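Residue strings, one per chain:
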Amino acid sequence: YQAGSQIMGLGAYTKIVGDAGVTIDHLSPIPVTTGNSLSSASTLWAAKLAVEKLGFVPKSENKFLGTVMVVGATGSIGAVSAKILALTWKNLVLVAPRAYKLLELKEEILKINPHVQITVSTEADSHSHESDLIITTTSGQGKTILDIMKVKAGCVICDVSRPFDISEVEAIKRPDVLVIASGEVQLPGQDVKIDHDIGLEGNIVYACLAETALLAMEGKFESFTLSRNIDYAKVI
């Protein structure tokens, strides 16, 4: 590690291989974070902002009276996002390839909020027509995750996957659907120096990188986010 560094962040693919930073943190002389807490937080913030600005989903007592679907729900970001969304949405649809993992996640979420209506499915297309918000966070590696032509008009899709689950070509087909490339954060200040091209403009970086910067700025030199089981309290 560079001389003087007091915390290290694992970004992009390095945060998901192996045991998601646990072993690296054990062997590292300085704290390690995957940055997935801020990745989740920034995605949920962008989703809420977009849904509220469009104004298609009614709210009551700070809860959206609509349906949100999480695709890739049993992954680290998907699972923690689903737990938080269960606190602010009436209906929650969980989508992932393995049904038994979905049922386990459903039980975890019902302990957090026993009043949320939860549907589990292995097919996103089965519920995209009724979803007002879709969070897609998979490791599909460019494979078709959902048919955008079946998505409900006025829906907001937050795509936090890398590579993206929804291509630009697909998004253009549905001008009545808002597709957001989420999980990106603008670093503060005018003198931010980024020595490498990460494919983003200006001071914008991936949220996992931004979490590392944020922890350093706050002087919190600790292993904030590790493993695939993210503490939803940290995301909040």
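Every value quoted in this text rests on a predicted model; they were computed, and no experiment measured them.

**Here's the deal with the state of the cysteines**
Right, on to step 1. Following the criterion strictly, the structure yields 0 disulfides and no others.
Right, on to step 2. Cysteine Cys-155 is unpaired, with the sulfur of Cys-158 as its nearest cysteine sulfur at 9.2 Å.
Right, on to step 3. According to the relative accessible area criterion, Cys-155 is buried, its value standing at 0%.
Right, on to step 4. Free of any disulfide, Cys-208 has its nearest neighbouring cysteine sulfur in Cys-158, separated by 16 Å.
Right, on to step 5. Here Cys-208 falls in the buried class, since its relative accessible area comes to 5%.

**Focus: the nonpolar core**
Right, on to step 1. Ranked by size, the top nonpolar core spans 37 residues in total, and within it Leu-85, Trp-89, Leu-92, Leu-94, Ile-109 and Leu-133 carry the most contacts.
Right, on to step 2. Mapped by element, the contributors of at least two residues to this core are helix 2 (36-54), strand 4 (63-71), helix 3 (76-85), strand 5 (89-95), helix 4 (99-112), strand 7 (133-136), strand 8 (156-159) and helix 6 (207-218).
Right, on to step 3. Among the elements that line this core, the one with the most residues is helix 2, at 6 residues.
Right, on to step 4. Leave out the neighbours within four places in its chain, and Ile-109 touches Ala-82, Lys-83, Ala-86, Leu-92, Leu-94, Val-116 and Ile-118.
Right, on to step 5. Of all hydrophobic cores here, the second largest spans 14 residues; its members include Val-71, Ala-124, Val-151 and Cys-155.

**Description of the packing of helix 2 against helix 3**
Right, on to step 1. The interhelical angle for the contact between helix 2 and helix 3, taken along N-to-C directions, is 50 degrees, at an axis separation of 10 Å. The orientation of helix 2 relative to helix 3 falls into the category oblique. Between helix 2 and helix 3 the crossing geometry is right-handed. Contacts from Asn-36, Ser-39, Ser-40 and Leu-44 of helix 2 reach helix 3 at Ser-76, Ile-77, Val-80, Ser-81, Ile-84 and Leu-85.
Right, on to step 2. Partitioning the contact of helix 2 with helix 3 into residue classes produces 5 nonpolar, 5 polar and no charged.

**Section: helix 2**
Right, on to step 1. The end-to-end C-alpha distance of helix 2, which contains 19 residues, comes to 27 Å, matching closely the 27 Å that a straight helix rising 1.5 Å per residue would cover.
Right, on to step 2. Just past helix 2, the residue Gly-55 takes up positive phi, approximately 75 degrees.

**Quick word on the pattern of salt bridges**
Right, on to step 1. Under the counting rule described, the total for this entry stands at 6 salt bridges.
Right, on to step 2. A salt bridge links Lys-83 to Glu-108; the nearest nitrogen and oxygen atoms lie 3.1 Å apart. Of the two residues, Lys-83 sits in helix 3 while Glu-108 sits in helix 4, which places them 25 residues apart along the sequence.
Right, on to step 3. Classification of Lys-83 by relative accessible area gives buried; the value is 9%.
Right, on to step 4. Given a relative accessible area of 37%, Glu-108 falls into the partly exposed group.

The rules behind these values
Residues numbered from 1 in each chain as written. Predicted model: local features only at pLDDT ≥ 70, side-chain atom pairs only at ≥ 80, totals over all residues. Heavy atoms only, no water. Disulfide = S-S within 2.5 Å. Buried < 20%, exposed > 50% of the residue type's maximum accessible area, 1.4 Å probe, protein only. Core = buried A, V, L, I, M, F, W, Y, C linked by side-chain atoms within 4.5 Å. Helix = DSSP H or I, 4+ residues; strand = E, 2+ residues; numbered from the N terminus. Contact = heavy atoms within 4.5 Å. Axes fitted to C-alpha atoms, helices over the stretch in contact; angles between N-to-C directions. Parallel < 35°, antiparallel > 145°, perpendicular 65-115°, else oblique. Left-handed = near helix turned anticlockwise from the far one by under 90°. Nonpolar A, V, L, I, M, F, W, Y, C, P; charged D, E, K, R; others polar. Expected span 1.5 Å × (residues − 1). Salt bridge = Lys/Arg side-chain N within 4 Å of Asp/Glu carboxyl O.

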